[in-house]
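# Remarks on the overall topology
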Amino acid sequence: MANPMQQFEVYKIGPSLQIGNIDLSLTNSSIFMFTSAAFILVFFFLGTKNVSTIPGKLQILNELVFNFIAKMIDETAGYKAKNYFPFILTLFLFILTMNMIGLFPYAFTVTSQIIVTLSFALIIFIGVTVIGFAKHGVSFLKIFLPSGIPIFLLPLLVVIEVISYLSRPVSLSVRLFANMLAGHTMLKVFGGFVVSLGIIGGWLPFSFSVLLTALEILVAFLQAYVFAVLSCIYLNDALNMHH
Amino acid sequence: MFDLEELKKKLSQKKNLKEEKLSPKNTQLGIAFKIGTELVAAVFVATLIGWYLDKWLNTKPFFLIGFIILGIIAGIFNVVRSAKMINKG
């Protein structure tokens with residue numbers, strides 16, 4: 001039976017390319033990232049090519065995505081976060097497409113690599129911190145000061161607040177990575193059962209993997225959504241400090 | 001005919017309303033999904049901090065133990081906060 005973890009292996013494709021100490025050769029991971037980016041570009045290009053008052057199917061889809069994200073930002077991060085709409089939209093679409101493309105047989109799921117999700121999470125974490133300091137200056141540090149706390153408890157609570165702030169990128173990245181990894185491993189394991197049980201006993205795991213595929217589509221969407229929502233919530237903390 | 005002045009007034013009222021709504025409603029499902037990893041992540045980060053402080057200051061187990069406890073507290077704080085957000089939303 002095939003190893004269910006084999007699908008997560010990253011390998012080089014084509015000639016190796018080395019600039020300084022950085023290895024820039026193409027891997028299956030980077031190729032699937034390019035594919036997702038290209039897919040999004042084509043999707044929006046075709047959708048906005050012939051814009052009309054009575055929209056075509058693709059235009060409706062485009063507008064749907066647009067409104068969906070705009071509404072989400074409005075609800076979670078408020079009025080001031082409108083400037084960050086392009087970033088959130090890009091983030092959501094990129095993660096969503098990478099998750100979805102990964103569901104195709106023989107495709108590689110880029111978001112099942114912790115380094116990819118951690119990079120996303122760190123970009124958001126550092127970005128939000130910088131935005132917070134740029135908007136509020138040193139008083140941004142007040143988010144570590146819980147209000148209405150007796151003075152002798154303050155040092156302890158500040159440490160706790162700092163820990164919970166630093167844990168944001170970890171929880172953000174691990175959630176996406178773990179969900180994708182677990183889902184794809186499960187699919188592979190049940191697929192392996194189908195093969196090894198053959199045509200008589202294979203129907204049970206087969207039906208399971210059909211159900212799992214449906215679940216995985218939900219998870220792929222939900223995780224991209226959760227990632228975007230949480231970025232908005234963190235952005236909200238940085239933009240509108242509530243204390 | 002529309003009265004332009006009145007329309008303007010209405011528009012500015014709407015805008016004010018939007019700006020007042022600064023503490024926004026949060027999307028509940030999104031928050032519900034973050035609770036699980038939140039608890040673990042805080043403990044993980046705190047353990048790392050404690051580990052490195054010990055290494056740096058040569059105080060072998062003390063910072064590690066202290067920070068693990070703080071991390072558990074921070075994790076519970078996170079979860080409680082998320083649960084409150086859901087109730088509010």
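Look up a bit, the structure's there.
Residues numbered from 1 in each chain as written. Chains lettered and ligands numbered in written order. Predicted model: local features only at pLDDT ≥ 70, side-chain atom pairs only at ≥ 80, totals over all residues. Heavy atoms only, no water.

## Quick notes on the packing of aromatic side chains
Residues and elements named next belong to chain A. Applying the stated criterion across every chain, the model contains 18 aromatic pairs over all chains. Taking the centre distance of 6.2 Å and the plane angle of 35° together, the rings of Phe-68 and Phe-221 count as tilted. Within this pair, whereas Phe-68 is found in helix α2 (residues 57–77), its partner Phe-221 is found in helix α6 (residues 203–239), the two being separated by 153 residues in sequence. Assessed through its relative accessible area of 30%, Phe-221 is described here as partly exposed. When the centroid spacing of 6.0 Å and the interplanar angle of 90° are considered together, the rings of Trp-203 and Phe-206 count as edge-to-face. With Trp-203 and Phe-206 both in helix α6 and three residues apart, this pair spans about one turn of that helix. A residue is classified by how much of its surface remains accessible, and Phe-206, at 42% relative accessible area, is partly exposed. (Phe/Tyr/Trp six-rings, centres within 6.5 Å; stacked < 30°, edge-to-face > 60°. Helix = DSSP H or I, 4+ residues; strand = E, 2+ residues; numbered from the N terminus. Buried < 20%, exposed > 50% of the residue type's maximum accessible area, 1.4 Å probe, protein only.)

## Here we look at the nonpolar core
Residues and elements named next belong to chain A. Among the nonpolar cores identified, the biggest contains 58 residues, and Met-72, Ile-73, Phe-92, Phe-120 and Phe-227 are the most heavily contacted of them. Mapped by element, the contributors of at least two residues to this core are α1 (28–47), α2, α3 (85–101), α4 (114–136), α5 (154–201) and α6. Counting residues per element, this core draws most heavily on α6, which supplies 15 residues. Setting aside anything within four residues of it in sequence, one finds Ile-73 in contact with Gly-78, Ala-81, Phe-85, Ile-88 and Cys-232. (Core = buried A, V, L, I, M, F, W, Y, C linked by side-chain atoms within 4.5 Å. Contact = heavy atoms within 4.5 Å.)

## Examining the environment of Phe92(A)
The topology assignment puts Phe92(A) in helix α3. If sequence neighbours within four positions are ignored, Phe92(A) has contacts with Phe68(A), Ile69(A), Phe221(A), Ala224(A), Tyr225(A) and Ala228(A).

## Describing a nonpolar patch on the surface
Residues and elements named next belong to chain A. Residues Val-42, Phe-45, Leu-46, Leu-58, Leu-61 and Leu-64 make up a contiguous nonpolar surface patch of roughly 550 Å² in combined accessible area. Residue placement: Phe-45 occurs in helix α1. Exposure remark for Phe-45: the relative accessible area of 54% places this residue in the exposed category. (Patch = residues over 30% accessible without salt bridge, like charges linked within 9 Å, V, L, I, M, F, W, Y side chains within 5 Å. Areas by Shrake-Rupley, 256 points an atom, 1.4 Å probe, with all protein chains shown as cover. Salt bridge = Lys/Arg side-chain N within 4 Å of Asp/Glu carboxyl O.)

## With respect to the interface of chain A and chain B
Counting residues at the interface gives 30 residues for chain A, matched by 29 residues for chain B. At the surface where chain A touches chain B, the tally comes to one salt bridge. When the shortest N-O distance is used, the salt bridge between Arg81(B) and Glu161(A) registers 2.8 Å. With 13 residues, α5(A) is the largest single contributor of residues to the side of chain A that touches chain B. Along the lines of polarity and charge, the residues of the side of chain A that touches chain B split into 17 nonpolar, eight polar and five charged. (Nonpolar A, V, L, I, M, F, W, Y, C, P; charged D, E, K, R; others polar.)

## A short note on the layout of surface pockets
Residues and elements named next belong to chain A. Estimates place the volume of the second largest pocket at around 740 Å³. Along the walls of the second largest pocket sit 22 residues, with Gln-7, Phe-104, Pro-105, Tyr-106 and Lys-188 positioned nearest its centre. Among the elements of the structure, α1, α5 and α6 are those that each provide at least two residues to the lining of the second largest pocket. (1 Å grid on protein atoms, 1.4 Å probe; cavity = no way out; pocket = protein on both sides within 12 Å on 5 of 7 lines; lining within 4 Å. Points joined across faces, edges and corners; volume = space filled by probe spheres on them.)

## Description of the pattern of salt bridges
All names here are of chain A. Taken as a whole, this structure holds four salt bridges over all chains when the rule is applied. The residue Asp-23 makes a salt bridge to Lys-12 at a minimum N-O spacing of 2.9 Å. Here the residue Asp-23 occupies a position in strand β2 (residues 22–23), and Lys-12 occupies one in the segment before β1 (18–19), the gap between them amounting to eleven residues. By relative accessible area, which is 38% here, Asp-23 ends up partly exposed. A residue is classified by how much of its surface remains accessible, and Lys-12, at 47% relative accessible area, is partly exposed. Close ionic contact of Asp-74 with Lys-82 constitutes a salt bridge, the shortest N to O distance being 3.4 Å.

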